[in-house]
Structures are given as structure tokens and as C-alpha cells.
Amino acid sequence: MNIQDAQKAVDEWINEHGVRYFNELTNMAQLTEEVGEVARIIARRYGEQSEKESDKNKDLGEELADVLFVVLCLANQTGVNLQESFDKKLDLKTKRDHDRHHNNEKLKDGL
């Protein structure tokens, strides 16, 4: 599924099951909440914080999917073609950052 198809699938889900989109400010707050849940898992599972027993069964993939779902909602309700925007961004980053990252001494330690 490409991003455009994902946007369409989310829109269909909202129309069939969600009644309507939450407004943009509510979705922005939801996005912040979902990113916080991802951060909590990363900090405790891969970072230096200890993982609580209640966090051990949290599914990182599910939390990342929650972030993606809300991003797709925001794109839909604000008229953003996320496929087009992502493709442009990837092209820009490829042109701008290719040499920069290859010449970054800090990244060579992992090779």
C-alpha cells in the first residue's frame, strides 16, 4: 500500500466507523499523545530508563501505526497529498544530504 492508498483507507474508515474527523487541533493533540507513547517505549526499552512491568507488553509497531493513522487524518482533513509531499521530501533529502552523511565522521564508527 502506498501513502495515497493509506490516506484513502483512513478516509474510508473515518466515514464508515468514525462518524467524522476530529478537528485539526484535537488531532494535533492526539498526535502528540501518540508520539509520547512511542517515546516512552523507546526511552524504556532502548534508552537508559528502566522498563516498568506495565510497559513490557506495549507494542512499538502498534504505537507507530497510531502515529501514522493520525498523521494521515491530518493530511486528509487539511488537503495535503502526503504521497506527493513525501516524494518531494525524499528527493530533496537525497540531493541535499547524500554527501553530508557520507562525510560525517560520527557515522563512520558504526561501519
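In the nomenclature of an unreviewed UniProt entry, the protein corresponds to Nucleotide pyrophosphohydrolase from the organism Autumnicola musiva.

**Structural notes on the overall build of the protein**
Looking only at helices and strands, one finds five helices and zero strands in the protein. For the protein, the succession of helices and strands along the chain, N to C, is α-α-α-α-α. Computed over the C-alpha atoms, the radius of gyration of the protein is 18 Å, more than 25% above the 13 Å expected from 2.2 N^0.38 for a compact globule of 111 residues. Dimensions of the protein along its principal axes, counting C-alpha atoms only, are 50 × 45 × 25 Å. Distance between charge centroids for the protein: 6 Å, based on 16 positive and 23 negative side chains.

**Structural notes on the side chain of glutamate 63**
On the secondary structure map, glutamate 63 appears in helix H3 (residues 60-78). Lysine 58 is the oppositely charged side chain nearest to the buried, salt-bridge-free glutamate 63, at an N-O distance of 5.7 Å. The contact partners of glutamate 63, leaving out residues within four places of it in the chain, are Glu34, Glu37, Val38 and Ile41.

**Quick notes on the pattern of salt bridges**
Applying the stated rule across the entire model yields ten salt bridges. Among the salt bridges present, the one from glutamate 51 reaches arginine 45, with a minimum N-O distance of 3.1 Å. Judged by relative accessible area, which is 24%, glutamate 51 ranks as partly exposed. Of the charged contacts in the structure, one is a salt bridge between aspartate 97 and arginine 96, with a shortest N-O distance of 2.8 Å. A relative accessible area of 45% places arginine 96 in the partly exposed class. Connected through salt bridges with shared partners, the residues Lys93, Arg96, Asp97 and Arg100 form a single ionic network.

Procedures and definitions
Residues numbered from 1 in each chain as written. Predicted model: local features only at pLDDT ≥ 70, side-chain atom pairs only at ≥ 80, totals over all residues. Heavy atoms only, no water. Helix = DSSP H or I, 4+ residues; strand = E, 2+ residues; numbered from the N terminus. Rg over C-alpha atoms; globule rule 2.2 N^0.38 Å. Lys, Arg positive; Asp, Glu negative; His and termini not counted. Charge placed at Lys NZ, Arg CZ, Asp CG, Glu CD. Buried < 20%, exposed > 50% of the residue type's maximum accessible area, 1.4 Å probe, protein only. Salt bridge = Lys/Arg side-chain N within 4 Å of Asp/Glu carboxyl O. Contact = heavy atoms within 4.5 Å.

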